[in-house]
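# What the coordinates show
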Amino acid sequence: MLLKSINPANGETVHEYPESQWEEIDTTIRSVKNAFHSWKKTSTQKRIDHVKKLAHLLDIRKENLAHTMTIEMGKPIQESRAEVEKCICLCNYYCEHIDEFLRSKSIPTEATESYVSFQPLGVILAIMPWNFPLWQVFRCAIPSILAGNTMVLKHASNVPGCAIAIEDLFLESDFPDDIFRSVLTSNRRVERIIANKRIAAVTLTGSTKAGQAVAQTAGTYLKKCVLELGGSDPYIILDDADLDMAVEACVKGRLLNTGQSCIGAKRFIATEKIYDEFEQRFVAEMKAVTMGDPLNEFNQLGPIARGNIREDLLSQVNKSISMGAHLLCGGEINYDVEGFYYPATVLSNVQSGMPAYNQELFGPVASLIKVKGEQEAIHIANDTSYGLGAAIFTADVEKGKYIAEHELDAGCCFVNDFVKSDPRLPFGGIKDSGYGRELSIYGLHEFVNIKTVYIK
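Quick summary incoming for the structure in this document. (Residues numbered from 1 in each chain as written. Predicted model: local features only at pLDDT ≥ 70, side-chain atom pairs only at ≥ 80, totals over all residues. Heavy atoms only, no water.)

This part covers the layout of surface pockets. Of the volumes computed, that of the largest pocket is approximately 1200 Å³. What lines the largest pocket is a set of 39 residues, and nearest its centre among them are Trp130, Gly206, Ser207, Ala210 and Arg306. For the lining of the largest pocket, the elements supplying multiple residues, two or more each, are β1 (2-7), α7 (190-195), β8 (199-205), α8 (208-220) and α11 (307-322). For the lining of the largest pocket, the leading source of residues is α8, giving 6 residues. (1 Å grid on protein atoms, 1.4 Å probe; cavity = no way out; pocket = protein on both sides within 12 Å on 5 of 7 lines; lining within 4 Å. Points joined across faces, edges and corners; volume = space filled by probe spheres on them. Helix = DSSP H or I, 4+ residues; strand = E, 2+ residues; numbered from the N terminus.)

Summed over all chains, the structure comprises 22 salt bridges. Close ionic contact of glutamate 16 with lysine 4 constitutes a salt bridge, the shortest N to O distance being 3.8 Å. In this pair, glutamate 16 is assigned in strand β2 (residues 12-18) and lysine 4 in strand β1, connecting sequence segments 12 residues apart. The exposure class assigned to glutamate 16 is partly exposed, which follows from its relative accessible area of 36%. You can call lysine 4 partly exposed: its relative accessible area is 42%. Overlapping salt bridges, with partners in common, bring together Glu19, Arg188 and Arg189 in one network. (Salt bridge = Lys/Arg side-chain N within 4 Å of Asp/Glu carboxyl O. Buried < 20%, exposed > 50% of the residue type's maximum accessible area, 1.4 Å probe, protein only.)

Take the packing of aromatic side chains next. One pass over the full model with this rule turns up 12 aromatic pairs. Ring centres of tyrosine 235 and phenylalanine 393 lie 6.0 Å apart, and the angle between their planes is 40°; this geometry places the pair in the tilted category. With tyrosine 235 in strand β10 (residues 233-237) and phenylalanine 393 in strand β15 (residues 389-393), this residue pair connects regions lying 158 residues apart in the sequence. Taken together through their ring pairs, the aromatic side chains of Trp39, Phe138, Phe170, Phe175 and Phe180 make up a single cluster. Lysine 224 extends its terminal NZ or CZ atom over the ring of phenylalanine 447, reaching a point 5.9 Å from the ring centre. (Phe/Tyr/Trp six-rings, centres within 6.5 Å; stacked < 30°, edge-to-face > 60°. Lys NZ or Arg CZ within 6 Å of the ring centre and 35° of its normal.)

What follows deals with the environment of proline 423. Here proline 423 shows up in the loop between β16 (412-415) and β17 (434-435). Excluding residues that lie within four positions of it along the chain, proline 423 makes contacts with Leu90, Tyr93, Tyr94, Trp135, Leu439 and Ser440. (Contact = heavy atoms within 4.5 Å.)

Sheet architecture is open: 6 strands sit in the order β7-β6-β5-β8-β9-β17, paired in mixed fashion. Each edge of the open sheet carries a strand with a single partner, namely β7 (180-182) and β17. Sheet analysis places strand β9 (residues 224-228) next to β17, joined by 2 bridges and oriented antiparallel. Bridge pairing in β17 links glutamate 228 to glycine 434. On the sheet, helix α1 (residues 22-39) packs against β5 (123-127), β6 (150-154), β7 and β8 and is oriented at approximately 155° with respect to β6. Across the sheet, helix α6 (residues 160-172) is in contact with β6 and β7; its angle to β7 comes to roughly 160°. (Pairing = 2+ DSSP bridges. Axes fitted to C-alpha atoms, helices over the stretch in contact; angles between N-to-C directions.)

Relative to each other, helix α13 (residues 374-382) and helix α14 (residues 397-407) sit at 35°, their axes nearing to 12 Å. Relative to α14, the crossing made by α13 is right-handed. Between α13, through Glu374, Ile378 and Asn382, and α14, the contact on the second element is made entirely by Lys399, Ile403 and Glu407. Per-class residue counts for the contact of α13 with α14 are 2 nonpolar, 1 polar and 3 charged. (Left-handed = near helix turned anticlockwise from the far one by under 90°. Nonpolar A, V, L, I, M, F, W, Y, C, P; charged D, E, K, R; others polar.)

Attention now goes to α14. All of the buried residues along α14 are Gly400, Ile403 and Ala404. The arc enclosing the buried residues of α14, seen along the axis, measures out at 95°, which places them on a common side. Turned more than 90 degrees from where α14 packs its buried face, Glu398 and Glu405 sit exposed. (Arc of directions from axis to C-beta.)

So, about the environment of methionine 286. Tracing the backbone through its elements, the reader meets methionine 286 in helix α10 (residues 272-287). In this view, methionine 286 contacts Val251, Arg254, Leu255, Cys329, Ala344, Thr345, Val346, Pro364 and Ala366; residues no more than four positions away in its chain are not counted.

With respect to topology, 3 strands assemble into an open sheet ordered β3-β4-β18, the strand pairing being antiparallel. Each of the sheet's edge strands pairs with one partner strand only, and the pair in question is β3 (105-106) and β18 (448-455). Where strand β4 (residues 113-120) lies against β18, 8 bridges are found, and the strand directions are antiparallel. Its bridge partner being in β18, tyrosine 115 is matched across the sheet by valine 453.

Note on placement: glutamine 316 falls in helix α11. A polar atom in the side chain of glutamine 316 sits 3.3 Å from the backbone oxygen of glutamate 360. Filtering out sequence-adjacent residues up to four positions away, glutamine 316 remains in contact with Pro355, Gln359, Glu360 and Leu361. (Polar contact = N/O pair within 3.5 Å; in protein donor to acceptor, adjacent residues only side chain to side chain.)

Another point: α1. In this model, α1 (18 residues) spans 25 Å end to end at C-alpha, consistent with the 26 Å of a helix rising 1.5 Å per residue. The complete set of buried residues in α1 reads Trp22, Ile25, Asp26, Thr28, Ile29, Val32, Ala35, Phe36 and Trp39. (Expected span 1.5 Å × (residues − 1).)

Once that is clear, we can look at the environment of asparagine 308. With respect to the secondary-structure elements, asparagine 308 resides in helix α11. The partly exposed category is assigned to asparagine 308, whose relative accessible area is 42%. With 32 residues separating them along the chain, asparagine 308 and phenylalanine 340 place their C-alpha atoms 9.0 Å apart. A distance of 3.1 Å separates a polar atom in the side chain of asparagine 308 from a polar atom in the side chain of arginine 306.

Before going further, it helps to spend a moment on the packing of helix α2 (residues 44-60) against helix α4 (residues 77-102). Each pair of packed helices can be summarised by the angle the axes make with each other and by the distance between the axes. At a minimum axis separation of 9 Å, α2 and α4 run at an interaxial angle of 170°. One way to sum up the angle between α2 and α4 is to call them roughly antiparallel. For the pair α2 and α4, the contacting residues are Thr44, Arg47, Ile48, Val51, Lys52, Ala55, Leu58 and Asp59 in the first and Val84, Cys87, Ile88, Cys91, Asn92, Cys95, Ile98, Asp99 and Leu102 in the second. Residue composition of the contact of α2 with α4, by class: 11 nonpolar, 2 polar and 4 charged. (Parallel < 35°, antiparallel > 145°, perpendicular 65-115°, else oblique.)

Glancing now at the nonpolar core. Nonpolar side chains in soluble globular proteins generally cluster together in the buried interior. In terms of nonpolar packing, the biggest core is built from 129 residues, with Leu58, Phe138, Ile142, Ile237, Phe268, Phe278 and Phe282 touching the most fellow members. The biggest single contributor to this core is α4, with 11 residues. Setting aside residues no more than four positions away along its own chain, phenylalanine 268 makes contact with Tyr235, Ile237, Cys250, Arg254, Phe278, Phe282, Ala366, Ser367, Leu368 and Ile369. Listed in part, the 20 residues of the second largest apolar core include Val123, Val183, Val202 and Val214. (Core = buried A, V, L, I, M, F, W, Y, C linked by side-chain atoms within 4.5 Å.)

This is the structure we're talking about:
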């Protein structure tokens, strides 16, 4: 079986890669487990030195890596560069803080000494998606490896070039052999990989359906897992919101990565007092977006990553319209243009029961919802099976802070800005958006043995 890298901007095959045979995968996992025994004993400073070399190499290779991402999954080239730069920031952040994060914590008891120690678990399996092909991998790999774990990457089948490039970066950064390895395989082998006795834990970023399958398998074998899954992030715009700020943030939040982001803004809930003006300005900004070749520096929207994803998105939009949603812009595919392009689209009169209300729309489609006031807005924001991110726009910062902290059911809640991940802050969701956290000290501690030591 071949894994194909297909350029979504023109539908052409970039390269074909042979799928790894099971014997090869098993040998790789065994080698990574053997490497763990020495890596866990390596000093933290030596681990830091390797990661610093990796960050330097990321900077040197930024243009090549950005080009690979854009060619394989269609990300606008300026966003691909920004993704590489974000990976560099993450490396630097953990190099600066890893000693603090792994330092034993003394806890006074009746003992002569009692404390908590943080020890690596072993081989971490990372099952990663195509939409942020470098960032998603680095945000789980760097803290785990600095903590003394080793890692096997099973990347999405449509970005094998990115998977190989990441493995090469680790090798060229003078990491010992087999600290980080990639296996090229489809999802059909994931269950068998998780079941491998040398795999200690699993981290997945993907769909809710994929998360359910991974959680079931990991549970069968009693292996720790962290799941970062889908989202249908609500953005609330209250009466007193600064509409200049709100519109700008909402458009950015919806169109990042051509709308293909779990934490992308998807449902925009505006109070009736300011709804009409918000809709008018929001639609105007969406219409002004330039779509085209993602290698063109001036284009803000690239293609959808795969043809089947685009068709699914079109079906969700058309079904919502048939159920009463109003199409304000976009919504149609020009099949005369090569590539998997889908225009910036806005739907209004979106109501419960429609795909645009209840489902995750993975593309540049915004759902507008008018409400009478604050309490109805909060109710609709929480009226979803997802709970990844949410945002609220208001001039009353204290009110916004209270709603974000106490009223919104999501793992990441922002006031007067669009939701984004940051190495300094924990990232993850609740409900159908998964469990566990990545980034910051909390993400690092997901994949360590939090060990109690007691001396009488």
